Structure formats: structure tokens, C-alpha cells
Amino acid sequence: MTSSSVGTEAWSRTAAPGHTEAGLPRQAWRAYFEATALLQDRLDRTLKDGADLHLADYNLLLLLSEAPEGRMRMGELARLMVFSPSRVTYQVKTLEQRGLVERCASATDRRGAEAVITDDGRHLFRKAAALHSRQVQDLFLDRLEDGEAETVLRVFSRLGRGLEAGPAG
């Protein structure tokens with residue numbers, strides 16, 4: 001652990017002994033990058049152990065559970081998950097083999113394919129959502145101090161809007 005010029009204690013689990021990122025913004029980036037990797041790993045392992053789902057499976061079922069009639073075009077699902085079309089096709093195929101989703105022709109134009117959550121998928125998603133919600137509360141929300149949730153929301157909403165808008169410059 002190192003201290004920055006403003007007295008904030010910087011954290012990095014992978015920095016070489018004695019190495020400190022130059023400047024507070026770089027220290028913030030490294031702490032964010034490493035902490036989110038740890039958080040995603042912990043969330044993934046807990047979902048796998050408790051509901052036999054990976055975090056990506058959970059995300060796909062979440063999107064479908066919130067979609068009108070529990071269905072979404074494959075291309076839109078890939079876009080929202082930030083997956084390539086082939087990766088979302090593989091993800092859907094894996095969940096389809098387990099009876100959690102179905103893949104069918106688009107209800108509106110028959111040219112495209114849609115993923116549809118099944119009753120078994122909804123049931124497992126509800127179980128996983130309860131587990132996931134508790135863990136998000138324990139590992140993230142309970143660790144924020146007063147005012148930090150607003151800061152996190154403001155910062156990542158701004159970053160997300162900028163990234164969706166396209167490349168900088």
C-alpha cells in the first residue's frame with residue numbers, strides 16, 4: 001500500500017514491491033481495475049456454487065427477464081451484453097441445453113432469431129437474483145460510505161454515456 005499526495009491510501013494487489021503508479025488518477029485506475037476483477041470473480045464463483053450459473057449467464061437471464069414477453073433479438077442481446085454475435089449465440093446455446101432459454105424465429109419479422117426465457121429459466125433466475133443481491137449488498141454497497149454511491153453513479157453514468165457515444169476524439 002502506498003499513500004498519494006492527498007492522503008488517500010492507494011491499494012494494488014499486483015504492483016511489484018515498492019512500485020507506485022505515478023499520480024492519483026493512475027492509482028485510481030489500477031485500484032478500480034484490480035478491485036472490479038476481484039469483485040467479478042467473487043460474484044461469478046458464488047453464482048456458480050449457489051445456482052450453477054456464471055455471471056454472464058445471470059446477466060443474460062436478467063436481460064431476458066426484464067424484456068417484454070421475456071424475449072429479445074440475439075443482436076440486441078449481444079449489444080447489451082457487449083458480446084460478439086458468436087459469443088452470445090454460444091451463451092444462448094449453453095443455456096438452451098439446460099432448458100433455461102429457447103431460441104426461436106423473431107416474432108416480428110421471422111428473419112432474425114430471438115432468445116426467450118423459459119419458466120425454468122425464470123425460476124432459476126429468481127433464486128440466483130436473491131443470492132446475487134445479497135452478495136452485491138455485502139461486497140459492494142455495504143462498503144460505501146455516505147455520499148459515495150452518488151459519486152459512483154455520477155462517474156460511471158458519465159463514463160458509460162461517453163463509451164456508448166463512440167470513440168473519443
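Coordinates for the structure precede this section.
Residues numbered from 1 in each chain as written. Predicted model: local features only at pLDDT ≥ 70, side-chain atom pairs only at ≥ 80, totals over all residues. Heavy atoms only, no water.

S.K.: Quick question: what am I supposed to make of the environment of Leu 80 here?
M.R.: Inspection of the secondary structure puts Leu 80 in helix H3 (residues 74–81). In this structure the C-alpha to C-alpha distance between Leu 80 and Thr 36, which are 44 residues apart in sequence, comes to 19 Å. (Helix = DSSP H or I, 4+ residues; strand = E, 2+ residues; numbered from the N terminus.)

S.K.: Hey, could you run me through the pattern of salt bridges in this one?
M.R.: Close approach of charged atoms allows side chains of opposite charge to pair. As enumerated under the stated definition, the model contains nine salt bridges in all. Here Arg 71 ties to Glu 114 by a salt bridge, and the two come within 2.5 Å at their closest N and O atoms. Pair noted here: Arg 71 is in strand E3 (residues 71–73) and Glu 114 is in strand E5 (residues 113–117), with a separation of 43 residues, a long-range link. A residue is classified by how much of its surface remains accessible, and Arg 71, at 23% relative accessible area, is partly exposed. The exposure class assigned to Glu 114 is buried, which follows from its relative accessible area of 6%. Salt-bridge contacts for Arg 79 lead to Glu 76; the nearest nitrogen and oxygen are separated by 2.8 Å. One end of the pair is Arg 79 and the other is Glu 76, both in helix H3 and three residues apart, which spans about a single turn. (Salt bridge = Lys/Arg side-chain N within 4 Å of Asp/Glu carboxyl O. Buried < 20%, exposed > 50% of the residue type's maximum accessible area, 1.4 Å probe, protein only.)

S.K.: Quick question: what am I supposed to make of the sheet that holds E5 here?
M.R.: Strand pairing in a sheet takes place through backbone hydrogen bonds and is either antiparallel or parallel in direction. A sheet is described by the order of its strands in space; here three strands give the open sequence E3-E5-E4, paired in antiparallel fashion. The strands lining the two open edges of the sheet, one partner per strand, are E3 and strand E4 (101–105). On average, each strand axis in the sheet is inclined to that of its neighbour by 25°, with strand direction left out of account. With three bridges joining them, E3 and E5 adopt antiparallel strand pairing. By the bridge assignment, Arg 71 is partnered in E5 with Val 116. Its contacts with the sheet put H3 on E3, E4 and E5, and the angle it makes with E3 is roughly 90°. Together, E4 and E5 form the strand contacts of helix H4 (residues 85–97), whose direction differs from that of E4 by roughly 120°. (Pairing = 2+ DSSP bridges. Axes fitted to C-alpha atoms, helices over the stretch in contact; angles between N-to-C directions. Contact = heavy atoms within 4.5 Å.)

S.K.: Got a minute to help me understand the layout of surface pockets in this structure?
M.R.: The probe, sized like a water molecule, is rolled over the atoms to show the empty space still left. For the largest pocket, the calculated volume is near 2,300 Å³. Taken together, 41 residues line the largest pocket, and the ones lying closest to its centre are Tyr 32, Thr 36, Leu 39, Phe 140 and Phe 156. Elements with a contribution of two residues or more to the lining of the largest pocket: strand E2 (9–10), helix H1 (24–51), helix H2 (55–66), H3, helix H5 (119–139) and helix H6 (148–165). Looking at the lining of the largest pocket element by element, the count peaks at 13 residues for H1. (1 Å grid on protein atoms, 1.4 Å probe; cavity = no way out; pocket = protein on both sides within 12 Å on 5 of 7 lines; lining within 4 Å. Points joined across faces, edges and corners; volume = space filled by probe spheres on them.)

S.K.: Help me understand the nonpolar core, please; the structure alone is not making it clear to me.
M.R.: Burial of nonpolar side chains together is a common tendency in soluble globular proteins. The biggest cluster of nonpolar side chains holds 27 residues, and the ones touching the most others in it are Leu 53, Leu 60, Leu 61, Leu 64, Leu 77 and Val 88. Where this core is concerned, the elements lending two or more residues are H1, H2, H3, H4, E5 and H5. Residues within four places of Leu 60 in sequence aside, it is in contact with Leu 77, Met 81, Val 88, Gln 91, Val 92, Leu 95 and Val 101. (Core = buried A, V, L, I, M, F, W, Y, C linked by side-chain atoms within 4.5 Å.)

S.K.: Hey, could you run me through unusual backbone geometry in this one?
M.R.: Leaving glycine aside, a negative phi is the common case for residues, and trans is the common case for peptide bonds. Phi at Asp 52 is positive, roughly 55°, even though this residue is not glycine. You can see Asp 52 is positioned in the loop between H1 and H2. Looking at Asp 52, the relative accessible area reads 39%, which means it is partly exposed.

Just geometry here; none of it tells us what the structure is for.
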